[in-house]
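Observations on the model geometry
Spelled out from the first residue to the last, the chains are:
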Amino acid sequence: MDILYPKKKLLLDDVTYTNIFRIVDLSRIVRPENLIVFELSGETPMKLALDLYGNSKYFWVNCLINGVVNYHTDWYMGQQKLEKFCRYKYGEHQFDPYRFLNTVTKNYVTDSEDKILRQRLQNNQALPNNIRIVTYADYEFHKNEARRTIYILPPDLLMNFLKAYEKSNTLTLNGGA
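Read on for an overview of the structure. (Residues numbered from 1 in each chain as written. Predicted model: local features only at pLDDT ≥ 70, side-chain atom pairs only at ≥ 80, totals over all residues. Heavy atoms only, no water.)

This next bit is on the overall build of the protein chain. For the protein chain, the count of helices and strands is 6 helices and 8 strands. N-terminal to C-terminal, the α/β element order of the protein chain is β-β-β-α-α-α-β-β-α-β-α-β-α-β. The buried share among the 177 residues of the protein chain stands at 31%. Within the protein chain, contacts between residues at least 6 apart in sequence are counted, and of these 72% link residues at least 24 apart. Surface exposure of the protein chain reaches about 11700 Å², of which carbon and sulfur atoms provide 53%. (Helix = DSSP H or I, 4+ residues; strand = E, 2+ residues; numbered from the N terminus. Buried < 20%, exposed > 50% of the residue type's maximum accessible area, 1.4 Å probe, protein only. Contact = heavy atoms within 4.5 Å. Areas by Shrake-Rupley, 256 points an atom, 1.4 Å probe, with all protein chains shown as cover.)

Written out as structure tokens, the structure reads:
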């Protein structure tokens, strides 16, 4: 069995179509208790698949399991890649204030609170002690850190996963039946 990428086959008039927008119920294919918690340190999905499964073509498996749609932006980035990403995305504004973080609740402030805090900054007034300015770069760093810990499929379950995925992802339509 050689599955390169996830696909859903629609057989209609002897033509196969691939549905790239297919949503799969992974709980029917792999149980969460069979997954392993893994800490990334800058590996790309392809490098991780090569190390785990012996072939980089299975990179999509761990992307799918972790809800990664675009591995360029949704996958954990090493420090250098993150800095390059911030320079590209924000340019010279990467260290500008982005949001305000309440250090007690660990949540970003509401839009109305944000407006008041920005006015205080413009008027050179001090911010409350529990409020921290988060720059664009800080925001991207914290978002990136949240992607560091992922779930991986153990190598010994790969073939069973691929078979179950292919089976759940194939649909044949014949004459509207």
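Having seen the model, we can carry on.
Attention shifts here to the sheet that holds strand β5 (residues 107-108). One open sheet accounts for 3 strands, arranged β5-β4-β6; its pairing is antiparallel. Edge positions in the sheet fall to β5 and β6 (131-135), since each has one partner strand and no second. The pairing of strand β4 (residues 97-102) with β5 spans 2 bridges and is classified as antiparallel. Residue Leu-101 lies in a different strand from β5, and its bridge partner there is Tyr-108. Packing against the sheet, helix α4 (residues 111-122) makes contact with β4 and β6, and its axis sits at approximately 115 degrees to β4. (Pairing = 2+ DSSP bridges. Axes fitted to C-alpha atoms, helices over the stretch in contact; angles between N-to-C directions.)

In this section: the packing of helix α3 (residues 79-90) against helix α5 (residues 136-146). In contact at an axis separation of 10 Å, α3 and α5 are set at 135 degrees when each is read in the N-to-C sense. Taken together, α3 and α5 sit at an angle that is classed as oblique. Like other packed secondary-structure pairs, α3 and α5 cross with a definite hand, here right-handed. Of α5, the residues touching α3 (which contributes Gln-79, Leu-82, Phe-85, Cys-86, Lys-89 and Tyr-90) are Tyr-136, Ala-137, Tyr-139, Glu-140, Phe-141 and Asn-144. The residue inventory of the contact of α3 with α5, partitioned by class, reads 8 nonpolar, 2 polar and 2 charged. (Parallel < 35°, antiparallel > 145°, perpendicular 65-115°, else oblique. Left-handed = near helix turned anticlockwise from the far one by under 90°. Nonpolar A, V, L, I, M, F, W, Y, C, P; charged D, E, K, R; others polar.)

Under the definition given, this model contains 8 aromatic pairs. A centroid spacing of 5.6 Å and a plane angle of 75 degrees characterise the contact between Phe-59 and Tyr-71, whose relative ring orientation is edge-to-face. Of the two residues, Phe-59 sits in helix α2 (residues 59-65) while Tyr-71 sits in the loop between α2 and α3, which places them 12 residues apart along the sequence. Look at Tyr-71 and you get partly exposed, because its relative accessible area is 26%. (Phe/Tyr/Trp six-rings, centres within 6.5 Å; stacked < 30°, edge-to-face > 60°.)

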